[in-house]
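Overview (structure and organization)
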Amino acid sequence: MRCCLLHVVVTACLFMTQLCAYGTEASEAALRKHVDKLTEGPGYRNYTDTVALNHTGQYIYEQFSGLTKETYIQSFLSKGKKYNNVYATFGPVNAPRIIIGAHYDVFGDFPGADDNASGVAGLLELARMLSETDQSKWEVRIDLVAYSPEEPPYYGSQDMGSSIHATSLHNNNTPVVGMVCLEMIGYFDDHKNSQTYPSFLSGIFHRSTGDFIAVIHKPFAGKFARLFTKEFTHGKSGTPTKVFRAAAWSKHVDMRTHKNYTRFKWPSVLVTDCTRYRNIYYHTADDKPETLDYLRMSSVVTKVYRAVTELTK
């Protein structure tokens with residue numbers, strides 16, 4: 001008990017150090033509120049239940065539009081059903097863009113708190129933080145995009161919401177500086193051996209506890225990936241970060257949202273709690289809001305905010 005209490009105190013002190021050092025911070029309470037709202041139903045926001053998906057998309061739209069007039073819905077048809085990407089923009093309208101994206105659909109009839117209400121909650125809190133930021137000197141625009149659908153049977157296909165979005169940017173010759181994918185950012189585990197790795201990555205040289213957030217990108221991924229990673233990992237406070245540079249950390253990682261941007265030669269990074277390699281509730285009915293660590297999740301969102309706003313200058 002004393003050990004657990006000490007860990008909580010140390011974590012809180014590190015987090016508060018980060019907030020004092022960097023000013024604008026993500027709200028733990030706001031992230032919790034968004035995850036609760038995104039997972040409460042009605043129905044399950046999977047590809048077969050477009051009513052639930054549209055309900056979720058409307059919530060995201062309402063949150064975005066309350067913070068910026070530049071809020072849009074990108075609708076498209078796939079296999080006879082209508083799906084919606086929802087996005088909001090901040091900064092100079094005609095400037096090159098940084099894309100920050102997260103999918104809001106779920107796998108199966110599951111609540112999907114970490115997968116991926118956590119990532120979407122991060123987008124919504126970033127929107128709030130960006131709306132309170134002086135954008136007058138920005139030379140880059142930030143687009144926050146919530147995608148649907150991404151999960152199977154769309155996973156890895158050109159009908160993914162992120163593929164539709166990336167393709168539209170490419171077809172319109174839109175300049176893109178880089179892309180950040182938020183894919184499950186709320187689950188942490190301080191127990192030894194709680195973190196596993198793909199078979200080709202030896203766990204001997206990596207942390208065996210799932211207490212960190214991972215930043216994953218290809219080797220030589222370009223200036224944006226390099227600078228984002230540098231800013232994200234700056235300082236020793238907040239949630240620990242582990243950086244992986246691999247062409248495909250695994251088949252599953254390489255097929256995720258950010259892959260749809262790298263195929264157009266745009267530098268992309270994945271911010272993740274390592275999904276199935278840590279979260280024991282991945283793609284189960286127990287992926288619920290109460291399993292997430294909102295304090296460390298807020299630290300992750302703050303790190304994303306700090307990194308991308310530095311890259312707008």
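Residues numbered from 1 in each chain as written. Predicted model: local features only at pLDDT ≥ 70, side-chain atom pairs only at ≥ 80, totals over all residues. Heavy atoms only, no water.

Description of the overall build of the protein
Along its length, the protein carries 9 helices and 8 strands. Counting over 313 residues, the protein shows a buried share of 55%. When the accessible surface of the protein is split by element, carbon and sulfur atoms take 55% of a total near 13600 Å². (Helix = DSSP H or I, 4+ residues; strand = E, 2+ residues; numbered from the N terminus. Buried < 20%, exposed > 50% of the residue type's maximum accessible area, 1.4 Å probe, protein only. Areas by Shrake-Rupley, 256 points an atom, 1.4 Å probe, with all protein chains shown as cover.)

A closer look at helix 5 (residues 161-171)
Those residues of helix 5 not exposed but buried are Gly161, Ser162, Ser163, His165, Ala166, Ser168 and Leu169. Among the structural elements, strand 1 (71-78), strand 2 (81-90), strand 3 (97-103), strand 4 (141-147), strand 5 (176-183) and helix 8 (259-262) are those in contact with the buried residues of helix 5. Immediately beyond the C-terminal end of helix 5, within one or two residues, lies Asn173, with a positive phi of roughly 55 degrees. (Contact = heavy atoms within 4.5 Å.)

Quick word on the confidence of the model for the protein
Mean pLDDT over the protein: 89, with 87% of residues reaching 70 or higher. Confidence drops under pLDDT 50 across residues 1-23; counting only partners more than four residues distant or on other chains, this segment forms 22 contacts. (pLDDT = per-residue confidence, 0-100.)

Comments concerning empty space enclosed by the protein
In this structure the tally under the stated criterion is 2 cavities of 30 Å³ or more. Taken as a whole, the second largest cavity encloses approximately 40 Å³ of empty space. Lining the second largest cavity, in full, are Val106, Phe107, Phe110, Gly112, Asp115, His283, Thr284 and Asp287. For the lining of the second largest cavity, the residue count by class is 3 nonpolar, 3 polar and 2 charged. (1 Å grid on protein atoms, 1.4 Å probe; cavity = no way out; pocket = protein on both sides within 12 Å on 5 of 7 lines; lining within 4 Å. Points joined across faces, edges and corners; volume = space filled by probe spheres on them. Nonpolar A, V, L, I, M, F, W, Y, C, P; charged D, E, K, R; others polar.)

Topic: the sheet that holds strand 1
The 8 strands are arranged 1-2-4-3-5-8-6-7 in an open sheet whose pairing can be described as mixed. With one partner strand each, in any of the chains shown, strand 1 and strand 7 (241-245) form the two edges of the open sheet. If you compare each strand with its neighbour and ignore which way they point, the axes differ by 20 degrees on average. Sheet topology note: the strand 2/strand 4 ladder contains 5 bridges and is antiparallel. Its bridge partner lying in strand 4, Val86 is registered against Ala146. Most of the contacts of helix 3 (residues 50-65) go to strand 2, to which it runs at about 15 degrees, and overall it touches strand 1, strand 2 and strand 4. Across the sheet, helix 5 lies against strand 1, strand 2, strand 3, strand 4 and strand 5, angled at about 110 degrees from strand 1, the strand it touches most. (Pairing = 2+ DSSP bridges. Axes fitted to C-alpha atoms, helices over the stretch in contact; angles between N-to-C directions.)

Observations concerning the packing of aromatic side chains
In this structure the tally under the stated criterion is 11 aromatic pairs. Between Tyr47 and Tyr154 the ring centres are 5.9 Å apart and the planes differ by 70 degrees, which places this aromatic pair in the edge-to-face class. In this pair, Tyr47 is assigned in the loop between helix 2 (28-39) and helix 3 and Tyr154 in the loop between strand 4 and helix 5, connecting sequence segments 107 residues apart. Note on Tyr47: relative accessible area 31%, which makes it partly exposed. (Phe/Tyr/Trp six-rings, centres within 6.5 Å; stacked < 30°, edge-to-face > 60°.)

Side note on the pattern of salt bridges
Oppositely charged side chains may form a pair once their charged atoms are brought near each other. In the structure shown here, the tally under the stated rule is 9 salt bridges. Note that Glu40 is salt-bridged to Lys37, the shortest N-O span being 3.0 Å. (Salt bridge = Lys/Arg side-chain N within 4 Å of Asp/Glu carboxyl O.)

Things to note about the packing of helix 6 (residues 223-232) against helix 9 (residues 294-310)
Running from amino to carboxyl end, helix 6 crosses helix 9 at an angle of 130 degrees, the nearest separation of the two axes being 8 Å. Between helix 6 and helix 9, the crossing angle belongs to the class labelled oblique. Judged by the sense of rotation from one axis to the other, the crossing of helix 6 with helix 9 is right-handed. Here Phe228, Glu231 and Phe232 of helix 6 come into contact with helix 9, specifically with Val300, Lys303, Val304, Arg306, Ala307, Val308 and Glu310. (Parallel < 35°, antiparallel > 145°, perpendicular 65-115°, else oblique. Left-handed = near helix turned anticlockwise from the far one by under 90°.)

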